[in-house]
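# Understanding the architecture of this molecule
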Amino acid sequence: MKANALLTLLLLFLTASQQNGQTARIESLFDDDWKFSLGDIPEAKSPSFSDASWRDVDLPHDWSIENLPNQEAGKVIGPFSKESIGTTATGYTVGGTGWYRKTFTLPANEKFSQTLINFDGVYMNSEVWINGKLVGNHPYGYTAFHFDITEFLNPAGKPNVIAVKVKNEGKNSRWYSGSGIYRHVWLIQKQSVHIAHDGVFVNTESIAENEAAITVLSTVENSASNSTDVKLQIRIIDGKGKVAATSETPVKSIPTGNEDITQRIKVPKAKLWSTGEPNLYTAEISVISNGKVTDQTLTAFGIRTIHFDAKTGFTLNGKPMELKGGDLHHDNGFLGSAAIDRAEERRVELMKANGFNAIRASHNPPSKQFLDACDRLGVVVMDEAFDQWVRPKNPQDYSLYFREWWKKDLKSMIYRDRNHPSVILWSIGNELNERADSIGYAIRKELVAEAHRLDSTRPVTEGVCEFWDHAGRKWETAAPVFEDLDVAGYNYLQKAFESDHAAYPNRIIVSTESYAAEAYAYWQGVEKHAYVIGDFVWTGMDHLGETGCGNAKIGQRSGPRVGLQPWPWFNNYCGDIDLCGNKKPQSYYRDVVWNNSKIEMMVHTPIPAGMVETYSYWGWPDEYPNWNWNGNEGKLMDVRVFSKSPLVRLELNGKVIGEQAIDTNTGITANFKVPYEAGVLKVIAIENGEAVSSKELKTTGAPAKIRLTADRSKIKANRNDLSYVKVEITDEQGNVIPDASIPVRFIVSGVGTIAGSGNANPTDMESFNNPVCKTFRGQALAILRPLKNGGKGTITFMAKANRLETGEIKIIVQ
């Protein structure tokens with residue numbers, strides 16, 4: 001279904017479903033008008049407590065991304081503190097305890113039997129109180145959860161107070177988690193006979209030339225005290241808003257409690273969901289009890305089939321598909337973990353635009369909005385549940401709660417996400433210390449069995465690594481790990497593909513993590529062997545935390561290829577795409593690996609005499625597409641060329657520097673030494689004696705202008721919409737100056753504000769979400785957001801710098 005048609009249906013539905021004078025259901029976005037305060041304030045749970053002095057916030061909200069008090073150079077910069085308990089893991093950000101409160105009144109003219117509050121994600125250890133009474137708690141920071149709050153509410157027409165305590169305390173994460181109610185919240189009101197929460201499952205049973213058969217499982221919940229006669233009516237609505245198929249069940253008596261009803265529906269001339277054509281449908285399900293519609297729900301889904309096999313690989317709708325994957329954490333860069341709809345969508349857009357067709361949500365379930373975007377844009381997903389089981393990776397992490405909560409959290413992930421056609425794999429864990437011990441075998445068996453019980457239509461995998469954490473243990477002893485898994489997830493194990501296949505020919509392998517620098521070797525494994533269904537690089541995009549994982553260092557001698565780096569590093573810097581959304585060198589390399597480009601070229605930053613470079617396993621040499629090296633005239637520059645063409649030629653200012661043959665059996669890289677001279681450096685790919693492609697790097701002029709480019713010049717008057725504005729330093733001719741590091745001052749007016757800003761430099765804390773941002777390699781980013789209640793109008797954004805022509809852009813809010 002097209003996004004606009006689906007949005008219209010959802011808006012109509014979520015406002016109210018009304019039949020025969022009775023409102024069947026209301027689902028209200030519950031994000032606005034909260035109060036927030038940091039600190040442990042036990043009395044805040046009381047409805048009589050005064051929160052008048054607290055801050056006004058709207059959700060999604062992440063307090064860890066906000067500037068800290070007592071700023072001090074070298075100690076506290078923006079949201080970063082050298083005293084952060086998470087240090088390198090969380091990017092030197094700070095957690096703590098926070099309280100959220102909201103006063104709300106349910107209208108007296110609406111009569112409902114049940115009211116739920118649904119949170120899509122709160123990090124972490126949350127407690128929910130209604131009118132001073134504890135409703136429940138939820139430890140895990142990444143799964144959705146809901147409570148029935150009916151009995152806690154005051155009579156309709158009288159005010160209620162909800163208070164939410166959030167504790168992000170101690171060392172509990174290996175990456176930036178964010179803090180607070182960082183995803184959406186919904187208030188859901190239902191009649192006594194209704195569809196249970198996340199109680200619809202649409203599955204494609206078969207696809208034929210003229211029709212598809214789907215099954216719709218609906219869990220009907222009867223909270224009345226007596227049995228009730230019920231029938232279900234289903235309309236399948238296509239992407240144009242037209243009814244494609246209908247179904248109606250016979251009347252059935254439903255006792256108090258839950259009952260599953262399954263309908264098989266044939267959809268004529270079904271339009272299939274695929275990454276190339278992500279067609280979506282909507283199942284409109286009406287619950288009719290005693291002649292009245294008592295509930296009505298909408299569920300988006302796609303018609304598609306998936307199959308995994310060691311001989312045929314992964315097939316989508318019967319067609320082979322190689323998974324070009326990237327691992328992603330959940331944060332949105334300068335916005336922190338706040339799951340603003342447009343930010344979630346943009347990450348998926350960037351991944352697809354850079355050649356990825358698959359994303360691994362590592363190492364936790366993503367937001368619902370992220371998966372919605374994957375559905376709409378056509379990207380498949382490995383949905384991952386946990387990063388630890390019972391053995392901790394940090395003292396206060398999820399291992400403390402695993403035994404009590406894993407079934408609830410696994411069900412939450414699977415039930416919420418099972419209708420997303422983009423989701424093709426469930427992952428139950430990543431690099432578990434107990435993965436090959438008796439305790440790990442037992443846990444895995446339980447997890448896999450439960451995942452299969454909850455959803456038998458998708459296979460189960462797990463990210464498994466070598467025994468670096470168990471000295472002396474050999475990889476060969478890992479065989480029992482994969483006995484219960486449908487697909488074997490290999491982290492950094494490309495060298496084991498062929499030998500393991502020889503020993504276990506029916507094993508289906510997916511490379512769940514890999515090094516960017518070894519992308520060609522990993523992808524050869526995918527291309528050569530059907531049993532290797534894809535490769536997921538660590539990582540697809542830069543994320544906050546895991547600081548300096550992708551570092552490159554200069555020293556007098558080669559050092560160890562270590563990862564995490566100390567202050568002032570604050571992001572991982574090993575992604576193909578940087579925090580601003582721009583390609584990094586490894587992304588250009590991957591373009592050649594995946595045949596999206598014939599040839600690419602990088603120039604290495606000069607290394608001082610007597611020094612050598614060492615980059616981490618996840619890192620990349622300090623090179624980028626730049627031919628501005630003033631002061632290095634005549635010095636030899638290291639130029640690397642990526643190509644699969646048999647011959648490449650390098651020219652400088654029209655003169656041939658040299659040619660090199662490329663043997664794709666050994667790699668796709670050619671190395672040149674080029675004496676620096678300003679001008680044009682050009683590389684040419686040659687096949688059968690003919691030039692088939694070329695790339696150029698040009699020496700630019702002096703900085704002259706600031707150019708602003710918005711990803712969208714028109715956005716909605718909605719706080720969940722954003723405009724991402726690229727800030728570039730150019731010369732008089734409009735060429736971006738790739739070595740420009742210039743402080744730029746941002747000014748915004750009109751009906752918008754700056755939600756986040758910064759550059760892609762992983763050590764430039766000063767430029768993170770400040771009014772003055774220094775460009776990195778000639779670029780920076782500002783994220784504009786409509787004002788709350790600002791209405792329609794214009795956002796005017798300006799960027800100024802000394803001696804440069806000011807950049808100005810207007811964004812229409814409509």
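Our structure is the block above this text.
Anyway, here's the lowdown on the structure attached to this text.

What counts, and where the lines are drawn
Residues numbered from 1 in each chain as written. Predicted model: local features only at pLDDT ≥ 70, side-chain atom pairs only at ≥ 80, totals over all residues. Heavy atoms only, no water. Salt bridge = Lys/Arg side-chain N within 4 Å of Asp/Glu carboxyl O. Helix = DSSP H or I, 4+ residues; strand = E, 2+ residues; numbered from the N terminus. Buried < 20%, exposed > 50% of the residue type's maximum accessible area, 1.4 Å probe, protein only. Pairing = 2+ DSSP bridges. Phe/Tyr/Trp six-rings, centres within 6.5 Å; stacked < 30°, edge-to-face > 60°. Lys NZ or Arg CZ within 6 Å of the ring centre and 35° of its normal.

### Brief notes about the pattern of salt bridges
Applying the stated criterion across every chain yields a total of 48 salt bridges. Put simply, Asp-40 and Lys-165 hold a salt bridge, and the shortest N to O gap is 3.3 Å. One end of the pair, Asp-40, is in the loop between β3 (34–38) and β4 (55–57); the other, Lys-165, is in strand β12 (residues 159–168), with 125 residues separating them in the sequence. Residue Asp-372 is joined to Lys-368 by a salt bridge in which the shortest nitrogen-to-oxygen separation is 2.9 Å. Linking Asp-372 with Lys-368, this pair stays in helix α3 (residues 368–377), spanning 4 residues, or about one helical turn. When its relative accessible area of 36% is taken as the criterion, Lys-368 is described as partly exposed.

### Here we look at the sheet that holds strand β46 (residues 743–750)
Pairing between the strands of a sheet is mediated by backbone hydrogen bonds and can be parallel or antiparallel. With respect to topology, 5 strands assemble into an open sheet ordered β44-β51-β50-β46-β48, the strand pairing being mixed. On the outer flanks of this sheet lie β44 (714–715) and β48 (772–774), each paired with one strand and no other. Two elements, β46 and β48, share 3 bridges in a ladder whose sense is antiparallel. Each residue of the ladder has a partner; that of Val-744, found in β48, is Cys-773.

### Topic: the packing of aromatic side chains
By the definition in use, this model includes 45 aromatic pairs. Residues Trp-620 and Phe-642 carry aromatic rings whose centres are separated by 6.4 Å and whose planes lie at 80° to one another, so their mutual orientation is edge-to-face. Of this pair, Trp-620 sits in the loop between β35 (612–615) and β36 (623–624) while Phe-642 sits in strand β37 (residues 636–643); the two residues are 22 residues apart in sequence, bridging distant segments of the chain. In this pair, the class of Trp-620 matches that of Phe-642, namely buried. Connected via pairs of aromatic rings, a cluster forms that spans Tyr-123, Tyr-140, Tyr-142, Trp-175, Phe-386, Trp-389, Tyr-398, Phe-402 and Trp-406. Directly above the aromatic system of Tyr-415 lies the positively charged group of Arg-418, at a separation of 3.8 Å from the ring centroid. The ring of Tyr-588 has Lys-583 lying over it, and the distance from NZ or CZ to the ring centre is 5.3 Å.

The values are spatial; any link to function lies outside them.
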